Amino acid sequence: MHNNVLILDFGSQYTQLIARRVRELNIFCEIKPYNKLPENLDIYKAVILSGSPFSVRAEDAPHPDLSQIQGKKPLLAVCYGAQYLAHFGGGEVAPSNTREYGRAKLSFLDHEDHFFDGVEAGSQVWMSHSDTIKHLPTNAKLIGSTDDVKNAAYKIEGETTYAIQFHPEVYHSTDGAKMLKNFLVDIAGVHQDWTPDSFVHETVEELKKTVGSDKVILGLSGGVDSTVAAVLLHKAIGSHLHCIFVNNGLLRKDEFSQVLDQYKHMGLNVKGVDASDRFLDALKGISDPETKRKTIGKVFIDVFDDESHKVEDAKWLGQGTIYPDVIESVSATGGPSATIKSHHNVGGLPDYMKLKVVEPLKLLFKDEVRRVGAALGIDAKLLGRHPFPGPGLGIRILGDITPEKVRILQEVDAVFVNGLREWGLYDKVWQAGAMLLPVNSVGVMGDERTYEKCVALRAVESTDGMTADWVNFPYEFLQKVSNDIINKVPGVNRVVYDISSKPPATIEWE
């Protein structure tokens, strides 16, 4: 059994980053909402309190029950968590008179305490709060300050309780990972034993117990997530897994045949279903992005319902849902974070569909899925494939969807992606694709005036898709791709390149 770490979510935009940093230490952690504590706290070796957009002084501020945690388990309180312990522990929290947002330098550190082992004064940290701790709580000892924030870090005497007003989980905190390791490994005694191999072993055993001899239907997309999920399930239940690859008419050029071909030698039982007309008919006249997603999701489920009746006694629907999908769809496991967009493969199934859902990857980030895939022996080229959204080109065609628009975007996308491969850039990019914009623009081809489509190219660098930055391609590459698209794809006369980061923009345009 692993020494798990519990992260209580108070709605901070950085909560998922805490989980990322903890996982990078080969320590398993789970995010739970502050108001829904797990019934069994014995499985957790340490607890971390996240930040929050709330003020502890507000009437509607998150107010967790820490009676079974504080003083009984190693506890690290970050930002809001630190202010919460101070406010309700005999200290004072008040609005700050100085700006406490952005980069700051640690000016004082108590090196008698192991929390700051290997961290020197002058180390950069990231602040993000409008309140500040004026007076420490009862029995607290100051262990860290910045020039503007005296009470930047403290420890409760007689407890293994630490509190910091800055965010160690963000990259701007240069020694943040070191602090987390000091707390979790050296102070709390958490073992660093959560590895891809251990995940594979434990997940396969859990799947055997959960699914047993039942039959599972799993939708393959050809991407990393569904492939790794399929191999895990196949390892657990073998021939009881029935994989289905659905052509929703919104795939990349020639993808349906290519995906079916790549699975031929993997030992998986895969059936291809061409339902492109069914999807495109359902999408006629629909322009709203969320409605498009839900329509694609509904037809996807309908197709699977039809196919499930062809597999006698199928009881489960396998999905390649991963952690960012869950976070963006329903917030941090039901916590107070904001919902960004819905994902077609997240959530419950309609009552008429008599299948239970099994999601072996739902606690993993994308880079973790790839490492698990490598541990399973999956081909490196498949694992290195860029993420592709479940709704496919349906959310890269802005506005309504028609077969002609799909054709245009498939051709544009093929030129772009093939160009990345030819220039040796594909593996340096997290995700790339093209967007068909709902506007026509004036152009000149030969001596004739044209009035045709504009496409936007998008390529980003990222670790897990939660944050992303645009890729600074050589101008020569962009020039070549733009020329090839305009010359080879009828209906397009203008190409633009998206240089927006996430946040504030998302990776997809819809």
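Trainee: Break down the overall build of the protein for me, with residues and values.
Mentor: Helices and strands together make up the secondary structure of the protein, namely 13 helices and 20 strands. Over its C-alpha trace the protein gives a radius of gyration of 25 Å, about what one expects of a compact globule, namely 24 Å for 510 residues. In terms of its C-alpha atoms, the protein occupies a principal-axis envelope of roughly 75 × 65 × 40 Å. Here the protein, with 510 residues, has 58% of them falling under the buried criterion. Sequence separation of 24 or more characterises 74% of the internal contacts of the protein that already satisfy a separation of 6 or more. Carbon and sulfur atoms make up 49% of the accessible area of the protein, which totals about 22200 Å². Each charge class in the protein can be summarised by its mean position, and for the 55 positive and 68 negative side chains these summaries are 2 Å apart.

Trainee: So what about the environment of Y154? Which residues, and what values?
Mentor: By the element assignment, Y154 lies in strand 10 (residues 153-156). It is 24 Å that separates the C-alpha atoms of Y154 and I27, two residues lying 127 residues apart in sequence. Reaching out from Y154, the side chain makes a polar contact with the backbone nitrogen of A86 at a distance of 3.5 Å.

Trainee: Account for the packing of aromatic side chains, naming residues and giving values.
Mentor: On inspection of all chains with the given rule, the structure shows 16 aromatic pairs. Pairing F10 with Y34 gives two aromatic rings, centres 5.5 Å apart and planes at 15°, and the pair type is stacked. With F10 in the loop between strand 1 (4-9) and helix 1 (15-24) and Y34 in the loop between strand 2 (29-33) and strand 3 (44-49), this residue pair connects regions lying 24 residues apart in the sequence. Considered together, F10 and Y34 belong to a single accessibility category, that of buried residues. Pairwise contacts between aromatic rings join F416, W423, W470, F473, F477 and Y497 into one cluster. R20 extends its terminal NZ or CZ atom over the ring of F365, reaching a point 4.9 Å from the ring centre. The ring of Y426 carries the charged tip of R421 above its face, separated from the ring centre by 3.9 Å.

Trainee: Please give an account of the sheet that holds strand 14 (residues 270-274) that cites residues and values.
Mentor: Within the open sheet, the five strands sit side by side as 14-13-12-15-16. Their pairing is parallel. Each edge of the sheet is formed by a strand with only one pairing partner; in this case those strands are strand 14 and strand 16 (356-358). Sheet twist, expressed as the mean angle between neighbouring strand axes with direction ignored, is 30°. Bridging between strand 15 (residues 314-318) and strand 16 involves three bridges; their strand directions are parallel. What sits directly across from W316, in strand 16, is K356.

Trainee: Just give me the short version of the nonpolar core, but keep the residues and values in it.
Mentor: Counting residues in each nonpolar core, the largest one holds 49 residues, and the members touching the most others are V412, F416, L457, F473 and I485. At eight residues, the largest contribution of residues to this core is made by helix 12 (residues 403-422). Excluding its chain neighbours within four sequence positions, the residues that come into contact with F473 are F416, L420, L425, V429, A459, L478 and Y497. Residues I18, L76, M179 and M466 belong to the second largest nonpolar core, which totals 39 residues.

Trainee: I'd like to hear about the pattern of salt bridges, residue by residue, with values.
Mentor: Enumeration according to the criterion identifies 25 salt bridges in this entry. In this structure, R57 and D131 form a salt bridge, with 3.0 Å as the shortest nitrogen-oxygen distance. Here R57 is found in the loop between strand 3 and strand 4 (75-78), whereas its partner D131 is found in strand 8 (residues 131-135), with 74 residues between them in sequence. Residue classification places R57 among the partly exposed residues on the basis of a relative accessible area of 40%. Between K310 and E307 there is a salt bridge, and its shortest N-O distance comes to 3.2 Å. When its relative accessible area of 7% is taken as the criterion, E307 is described as buried. A single network of salt bridges, built from pairs that share partners, joins R20, R21, E24, D367 and R371.

Trainee: Can you tell me about helix 8 (residues 289-308), naming the residues and giving the values?
Mentor: Because each turn of an α-helix spans 3.6 residues, side chains separated by three or four positions end up pointing in the same direction. The end-to-end C-alpha separation of helix 8 is 28 Å, in line with the 28 Å expected for 20 residues at 1.5 Å each. Most of helix 8 is tucked away, with 14 of its 20 residues classed as buried. Its side-chain oxygen 3.3 Å from the backbone nitrogen of E290, D288 forms the N-cap of helix 8.

Trainee: How would you explain the packing of helix 4 (residues 196-211) against helix 5 (residues 224-237) if you had to name every residue and give the values?
Mentor: Orientation of helix 4 relative to helix 5, taken along the N-to-C sense of each, is 60°, at an axis distance of 9 Å. By the criterion of interaxial angle, the relationship of helix 4 to helix 5 is oblique. Where helix 4 crosses over helix 5, the handedness of that crossing is right-handed. Contacts from F199, V200, T203, V204, L207, K208 and V211 in helix 4 reach L232, L233, K235, A236 and I237 in helix 5.

Trainee: For helix 1, give the residues involved together with the corresponding values.
Mentor: The element helix 1 is extensively covered by neighbouring structure, given that nine of its ten residues are classed as buried. Buried within helix 1 we find T15, Q16, L17, I18, A19, R20, R21, V22 and R23. At the C-terminal side of helix 1, N26 shows a positive phi close to 60°.

Trainee: Which residues make up the pairing of strand 12 (residues 215-220), and what values go with them?
Mentor: Relative to strand 15, strand 12 is paired through four bridges, and the arrangement is parallel. From the neighbouring strand, I217 faces strand 15, where its bridge partner is L317. Pairing of strand 12 with strand 13 (residues 241-247), which is carried by five bridges, proceeds in the parallel orientation. Among the inter-strand pairings, V216 is bridged to a residue of strand 13, identified as L241. For the crossover from strand 12 across helix 5 to strand 13, the handedness is right-handed.

Conventions we followed
Residues numbered from 1 in each chain as written. Predicted model: local features only at pLDDT ≥ 70, side-chain atom pairs only at ≥ 80, totals over all residues. Heavy atoms only, no water. Helix = DSSP H or I, 4+ residues; strand = E, 2+ residues; numbered from the N terminus. Rg over C-alpha atoms; globule rule 2.2 N^0.38 Å. Buried < 20%, exposed > 50% of the residue type's maximum accessible area, 1.4 Å probe, protein only. Contact = heavy atoms within 4.5 Å. Areas by Shrake-Rupley, 256 points an atom, 1.4 Å probe, with all protein chains shown as cover. Lys, Arg positive; Asp, Glu negative; His and termini not counted. Charge placed at Lys NZ, Arg CZ, Asp CG, Glu CD. Polar contact = N/O pair within 3.5 Å; in protein donor to acceptor, adjacent residues only side chain to side chain. Phe/Tyr/Trp six-rings, centres within 6.5 Å; stacked < 30°, edge-to-face > 60°. Lys NZ or Arg CZ within 6 Å of the ring centre and 35° of its normal. Pairing = 2+ DSSP bridges. Axes fitted to C-alpha atoms, helices over the stretch in contact; angles between N-to-C directions. Core = buried A, V, L, I, M, F, W, Y, C linked by side-chain atoms within 4.5 Å. Salt bridge = Lys/Arg side-chain N within 4 Å of Asp/Glu carboxyl O. Expected span 1.5 Å × (residues − 1). Parallel < 35°, antiparallel > 145°, perpendicular 65-115°, else oblique. Left-handed = near helix turned anticlockwise from the far one by under 90°. Right-handed = clockwise from strand over helix to strand, strands pointing away.

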